[in-house]
Amino acid sequence: NPVWRSVKSVSKVIAVIGAQWGDEGKGKIVDLLAERFEIVARYQGGHNAGHSVQVGDQSFVLHLLPSGIVHRGKTCVLGNGMVIDPKAFFVEADRLTQQGIEVSPERVKISSRAHLIFPYHRALDHTSEERLGNEKVGTTLRGIGPAYEDKAGRRGIRTADALVSDVLRSRIERNLEDANRIIEAYGGERLDADEIFKEMSVLTERLGPFIADTTHYLNVAATEGRSILLEGAQATLLDVDHGTYPFVTSSTTVAGGAIIGTGLAPNRLTGVLGIVRTYTTRVGEGPFPTEMLEGEAELGQMIRERGREYGASTGRPRRCGWFDAFATRYAAEINGFSSVALTKLDVLDTLDEIKVCIGYKLDGKMCESLPAVSQDLRRIEPVYATLPGWKSSTLGTTEINSLPANARRYIEFLSQQIGTEIGLVSTGPERMQTIIVQDSALGSWLRDSSVLI
Ligand code: IMP
């Protein structure tokens, strides 16, 4: 068996990870890279994600399916680390089909070990947020957290389990007993096990042909030298361990999660690409040290409009703030970025001055690393460096040397601060509105076809 003979990777396996609180523009970058990869896999999260991809005059919003789906001939994998709402899957698949995209079992493989989201998970997500009141997380209310709770509590129902009718029925009945107790205690309406069983058995039967052992599939593919792009959702600061806990999502969003959530062996990974915006945003609650508030609220609003900063999943306005190099350095440390893609440069085109947070001060002392406690993060005084703006349009620029000098200086400053090369700069929403730094690691991934070592 070739998988056991050689675990040394002969293929290009690159993970793409958001370095901030999400919405860094991963959709566009994964879409751009996907052309050069044979397989695109997601490894965590569910339809809480919202990736927008613009191809010519067609735009696609993806929640569950990897961005590779809009490229003909690519295989897409929904890995074991994901939580999948079958209803949401088919809504998305049907919409893409109408847009002329093939979503077939030949192209899309869902892990037999991925967990399913049930209607009671959505109800519990609502209840849990209500219970938290002022301390609520501001989740997407898609049932993501409760589904991961069931997974860790060993009550979860996986895609393959759901294909066995008796197992599906008995687990729904057992889980719903507990769920109903909580839902009712908080004034919600009892859910009916029979109804859920009927609805879910139709959906999971339709899901059946898509379900596969994706762990084996991916490891064999890597051994055969096929290139794999691992598409992260959410981002580093929303990671359940390393993010701004408890204001996080419930999965492992960082590079280590790409391994756990696909079953690829750790030494398969040949590169990690971090995605950062030229500024920072956050949806939902939680600390955000560089948020533009009070005196800067108008600026924040201007960036929100220019950057179209409204959630792709929920339509919620995103909170906007300055680039946080301190937090991004932390993300670079955890993920081991080989290269960074910087997105939305053009959004800052009109600013006179641009601030970058280079350090955190807490109780008058400089922090050496990111504070673990969210109450401390709320009290941070950011230490800023101020750089001159470039006051001219960078929209659609494709060459680094065609950028205004101050824009180049800004990019170099960010690269020094993060301690990682910037291999790509995005200058607009479309595929072509991109600068690729040819002598970067990212430039080489795009040049090589598949074999790295
Ligand atoms: P959940 O993932 O729905 O449980 O939400 C937990 C936190 O993660 C909330 O603050 C959400 O706003 C945030 N979140 C979840 N998915 C995304 C995403 O795709 N982009 C940005 N924030 C997200």
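(A) Focus on the overall build of the chain. When helices and strands are tallied, the chain shows 15 helices and 20 strands. In terms of overall dimensions, the chain is globule-like: its C-alpha atoms have a radius of gyration of 22 Å, near the 22 Å expected for 453 residues. Once the C-alpha set of the chain is aligned to its principal axes, its extents read approximately 65 × 50 × 40 Å. For the chain, the residues scored as buried account for 58% of the 453 residues in total.

(B) Focus on the environment of Leu237. As for its placement among the helices and strands, Leu237 is situated in the loop between strand E10 (228-231) and helix H10 (255-260). Leu237 sits in the buried class, given a relative accessible area of 2%. Remark: the alpha-carbon pair of Leu237 and Tyr279, spanning 42 residues in sequence, is separated by 15 Å. If sequence neighbours within four positions are ignored, Leu237 has contacts with Ala19, Gln20, Trp21, Gly243, Thr244, Phe247, Val248, Ala327, Tyr330 and Leu370.

(C) Main features of the nonpolar core. In terms of nonpolar packing, the biggest core is built from 50 residues, with Ile228, Leu230 and Tyr410 touching the most fellow members. Examining the composition of this core, we find that six residues originate from one element, helix H14 (residues 405-418), more than from any other. Each residue touching Ile228, except ones within four places of it in the same chain, is listed here: Lys12, Val13, Ile14, Phe37, Ile39, Leu218, Ala221, Ala222 and Leu264. Within the second largest apolar cluster, 39 residues are counted, among which are Val70, Ile110, Ala162 and Leu207.

(D) Seen up close, the site of the ligand. Around the ligand sit 16 residues in total, of which Asp23, Asn48, Thr140, Thr249 and Arg316 are the nearest. Here an oxygen atom of the ligand and a side-chain polar atom of Asn48 are 2.9 Å apart. Thr249 is positioned with one of its side-chain polar atoms (N or O) 2.6 Å from an oxygen atom of the ligand. Among the residues forming the shell around the ligand, the class breakdown is six nonpolar, eight polar and two charged.

(E) Seen up close, the packing of helix H4 (residues 119-132) against helix H5 (residues 144-152). Between H4 and H5, the least distance of the axes is 7 Å, while the angle of their chain directions is 115°. Accordingly, the angle class assigned to the pair H4 and H5 is roughly perpendicular. As for how H4 packs across H5, the hand of that crossing is right-handed. Residues Tyr120, His121, Leu124 and Asp125 of H4 touch H5, and the partners they reach there are Ile144, Pro146, Ala147 and Asp150. Counted by class, the contact of H4 with H5 contains five nonpolar, one polar and two charged residues.

(F) A look at unusual backbone geometry. Cis geometry is adopted by the peptide bond preceding Pro246, which originates at Tyr245 and carries an omega value of 5°. Summarising the element assignment, Pro246 is placed in the loop between E10 and H10. In this structure, Lys344 is a non-glycine residue whose phi angle is positive, near 65°. The phi angle at Lys391 is positive, at roughly 50°, despite the residue not being glycine.

(G) Fine view of the pairing of strand E15 (residues 339-343). Counting buried positions over the five residues of E15 gives five, a clear majority of the element. Side chains of E15 alternate between two faces, with Ser339, Ala341 and Thr343 and Val340 and Leu342 buried alike. With five bridges joining them, strand E11 (residues 271-277) and E15 adopt parallel strand pairing. Considered in E15, the bridge of Val276 is made with Leu342.

What counts and what doesn't
Residues numbered from 1 in each chain as written. Predicted model: local features only at pLDDT ≥ 70, side-chain atom pairs only at ≥ 80, totals over all residues. Heavy atoms only, no water. Helix = DSSP H or I, 4+ residues; strand = E, 2+ residues; numbered from the N terminus. Rg over C-alpha atoms; globule rule 2.2 N^0.38 Å. Buried < 20%, exposed > 50% of the residue type's maximum accessible area, 1.4 Å probe, protein only. Contact = heavy atoms within 4.5 Å. Core = buried A, V, L, I, M, F, W, Y, C linked by side-chain atoms within 4.5 Å. Near = heavy atom within 4 Å. Polar contact = N/O pair within 3.5 Å; in protein donor to acceptor, adjacent residues only side chain to side chain. Nonpolar A, V, L, I, M, F, W, Y, C, P; charged D, E, K, R; others polar. Axes fitted to C-alpha atoms, helices over the stretch in contact; angles between N-to-C directions. Parallel < 35°, antiparallel > 145°, perpendicular 65-115°, else oblique. Left-handed = near helix turned anticlockwise from the far one by under 90°. Pairing = 2+ DSSP bridges.

The values reported here are purely geometric and, on their own, carry no functional implication.
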